[in-house]
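Each chain is listed here by its residues.
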Amino acid sequence: MLVKPARARASALFRATFGVPPLAAASAPGRVNLIGEHTDYNGGPVLPIALAQRTVVAAGPGEPGVLEAVSERDGRLWRHLYKEGRATDWPAYVAGVVAELQTAGVLAWDAGVRVAVASDVPVGAGLSSSAALTVAATRALLGMARGRLAPRQIAGVAYRAEHNYVGVRCGVMDQTIAALGKPGHALLLESASLATKQIPFHGRLLLVDTGVRHDLAASAFNQRRAECEAAVARLQLDLPEVMWLATWPMSWLGRLRKALPQPLRNRALHVVGETARTRFAAQLLARGRLQRFGELLYESHESCRRLYECSAPELDTVVAAAKRAGAWGARMTGAGWGGAALVLTGKGDGGKGKGDAKVVSTIRRAFLKAYGREPGITVVRTGGGARAERV
Ligand code: GLA
């Protein structure tokens, strides 16, 4: 059966739910982070790519003081009255965007909003379905209100919606790539300065979804963030002006080890090491040295597993099997504790990397043996950042 594109599904859902056509629609992509995990909220670099899979939000005006939201995923109509405080469940992400756009003066304080959401980005797989939603919602509501914001400002609105309103203490990576992504490119983003660089990416990547789902807000994510803050506070005894773990000098690792008790020491060692690795990886990518780049992916996974303790047995199984089968690199991607792993099998255009077939069958077999079920394996296609869609 031919599945309709998300754009058509969002528009149709809007009409079917509200009886009128939407006024505007927009989409934003999911993302895969190549390397630079748990560095963004520590002031370090990240290197994500935008996926071809997108979330579409169709929007129109509604009853003043009310947000009405419907998604093809749960099929139910949510009604949130602004005066009742914070929205719950997934509409909270949209309510957060509405609140931010009200603060920015794009929407009036009581502007009623209706949205319908359709998405091809899997939820909870570590592919940042939430940023795809907040960025697409921001762009769609701007279209509805005839407001204008630069892509970086759109990322900022989406970030604050998620961070301040929903209360997930995420970094800026996901919203930034969802707003600025470019097909065929990885985005090097320095989180402390927001400096960016688009780097052509010609690797062949597989995405292996372990099927293990996590709830970011409820998981160990916020705890890790608190540990990093505690580590910075202790390190300030040695370096009073240190603001971010990522700026700790590599040559002072001995001092860092001495200054921090466990588990803060391991968390900080991961962040400092991952920061150096990510900058090096970006250089290798820019020079087309994909195979060496792949080795850093394995190192990053090891650091996530051992030092940051954000992996999961299912992810470790995938990465070990990929290595045995001769893949150039593999690692967990996204926050971790489940979700997906990425596997670099070689160059996109028939390079010398081992063929996908052997890597795929080795991973399948290992996973089946360990967990009695098959993981979802897909070839990664890159996509572009947020854009307006026809309604
Ligand atoms: C989540 C957050 C990101 C980032 C990653 C881990 O996806 O939203 O900001 O911190 O985890 O690298």
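This next bit is on the domain arrangement of the protein. The assigned domain composition of the protein is domain 1 (6-34 + 49-201) and domain 2 (205-379). Between domain 1 and domain 2, the C-alpha centre-to-centre distance is 27 Å. Contact residues are listed per partner, giving 23 residues for domain 1 and 27 residues for domain 2. Taken together, both faces of the contact between domain 1 and domain 2 bury some 2000 Å²; the carbon and sulfur share is 62%. When the buried surface of domain 1 facing domain 2 is broken down by residue, L34, R169 and F201 rank first, second and third, together holding 30% of it. Linking domain 1 with domain 2 are 2 salt bridges. One salt bridge connects R279 with E190, and the closest N-O pair in it is separated by 2.8 Å. On inspection of domain 1 and its partner domain 2, the count reaches 10 residue pairs in polar contact (both at pLDDT 80 or more). For the side of domain 1 that touches domain 2, the secondary structure elements donating two or more residues are strand 1 (24-33), strand 7 (185-190) and strand 8 (195-200).

We now examine the state of the cysteines. Considering all chains together, one arrives at 0 disulfides under this definition. The thiol of C310 is unpaired, and the distance to the nearest cysteine sulfur, on C304, comes to 4.1 Å. Accessibility expressed as a relative area gives 0% for C310, which makes it buried.

The subject of this paragraph is the site of the ligand. For the ligand, the full set of nearby residues is R31, E37, H38, D40, Y41, C170, G171, M173, D174, F221 and A335. The separation between an oxygen atom of the ligand and a polar main-chain atom of G171 is 2.8 Å. D174 is positioned such that a nitrogen or oxygen atom in its side chain is 2.7 Å from an oxygen atom of the ligand. Contact with the protein chains hides 98% of the accessible area of the ligand, taken as 310 Å² for the molecule alone. Across the shell around the ligand, the residue classes break down as 5 nonpolar, 2 polar and 4 charged.

Time to look at helix 11 (residues 356-371). Its 16 residues give helix 11 an end-to-end C-alpha distance of 22 Å, which sits within 8% of 22 Å, the value for a rise of 1.5 Å per residue. Of the positions making up helix 11, those classed as buried are D356, V359, V360, T362, I363, A366 and F367. For helix 11, the arc enclosing every buried residue in end-on projection is 165°, short of the 170-degree limit, so these residues lie on one face. Across from the buried face of helix 11, at angles greater than 90 degrees, the exposed residues are A357, R365 and K369. In this fold, the buried residues of helix 11 make contact with strand 9 (203-209), helix 10 (313-324), strand 11 (340-347) and strand 12 (376-379). Once helix 11 ends, the next one or two residues include G372, with phi positive near 70°.

Let us look at the packing of aromatic side chains. Overall, the coordinates contain 4 aromatic pairs when judged by the stated rule. Ring centres 5.3 Å apart and planes at 65° place the aromatic pair Y41 and F221 in the edge-to-face group. Note that Y41 is positioned in the loop between strand 1 and strand 2 (45-46) and F221 in helix 6 (residues 221-235), a separation of 180 residues in sequence. Of the residues examined, Y41 reaches a relative accessible area of 7% and is grouped as buried.

Between its first and last C-alpha atoms helix 4 (residues 151-166) spans 21 Å; for 16 residues at 1.5 Å apiece the expected length is 22 Å, and the two agree. Considered for burial, the residues of helix 4 that qualify are I154, A155, G156, V157, A158, Y159, A161, E162, H163 and Y165. Structurally, helix 4 contributes buried residues whose contacts are with strand 5 (77-81), helix 2 (91-103), helix 3 (129-145), helix 5 (173-180) and helix 6. G167 occupies a position one or two residues after helix 4 and carries a positive phi of about 90°.

Geometrically, the link from Q262 to P263 is a cis peptide bond, its omega value of 0° lying close to zero. The backbone of W337 shows a phi angle near 55°, a positive value even though the residue is not glycine. Tracing the sequence through the fold places W337 in the loop between strand 10 (329-332) and strand 11.

A separate point is the environment of R381. Here R381 is to be found in the loop between strand 12 and strand 13 (387-389). Judged by relative accessible area, R381 falls into the exposed class, the value being 57%. Residues R381 and A50 lie 331 residues apart in sequence; the distance between their C-alpha atoms is 8.6 Å. Discounting residues that sit within four places of it in the chain, R381 has contacts with A50, L51 and A52.

Turning next to the pattern of salt bridges. Scanning the entire structure with this criterion turns up 22 salt bridges. Residue E63 pairs with R79 through a salt bridge whose shortest N-O separation is 3.3 Å. Here the residue E63 occupies a position in the loop between strand 3 (48-62) and strand 4 (66-71), and R79 occupies one in strand 5, the gap between them amounting to 16 residues. Each member of the salt-bridge network shares a partner with another, and the members are E63, E68, R79 and R114.

Conventions we followed
- Residues numbered from 1 in each chain as written.
- Predicted model: local features only at pLDDT ≥ 70, side-chain atom pairs only at ≥ 80, totals over all residues.
- Heavy atoms only, no water.
- Domains from an automatic or database assignment.
- Contact = heavy atoms within 4.5 Å.
- Buried area = accessible area lost by both parts, 1.4 Å probe.
- Salt bridge = Lys/Arg side-chain N within 4 Å of Asp/Glu carboxyl O.
- Polar contact = N/O pair within 3.5 Å; in protein donor to acceptor, adjacent residues only side chain to side chain.
- Helix = DSSP H or I, 4+ residues; strand = E, 2+ residues; numbered from the N terminus.
- Disulfide = S-S within 2.5 Å.
- Buried < 20%, exposed > 50% of the residue type's maximum accessible area, 1.4 Å probe, protein only.
- Near = heavy atom within 4 Å.
- Areas by Shrake-Rupley, 256 points an atom, 1.4 Å probe, with all protein chains shown as cover.
- Nonpolar A, V, L, I, M, F, W, Y, C, P; charged D, E, K, R; others polar.
- Expected span 1.5 Å × (residues − 1).
- Arc of directions from axis to C-beta.
- Phe/Tyr/Trp six-rings, centres within 6.5 Å; stacked < 30°, edge-to-face > 60°.

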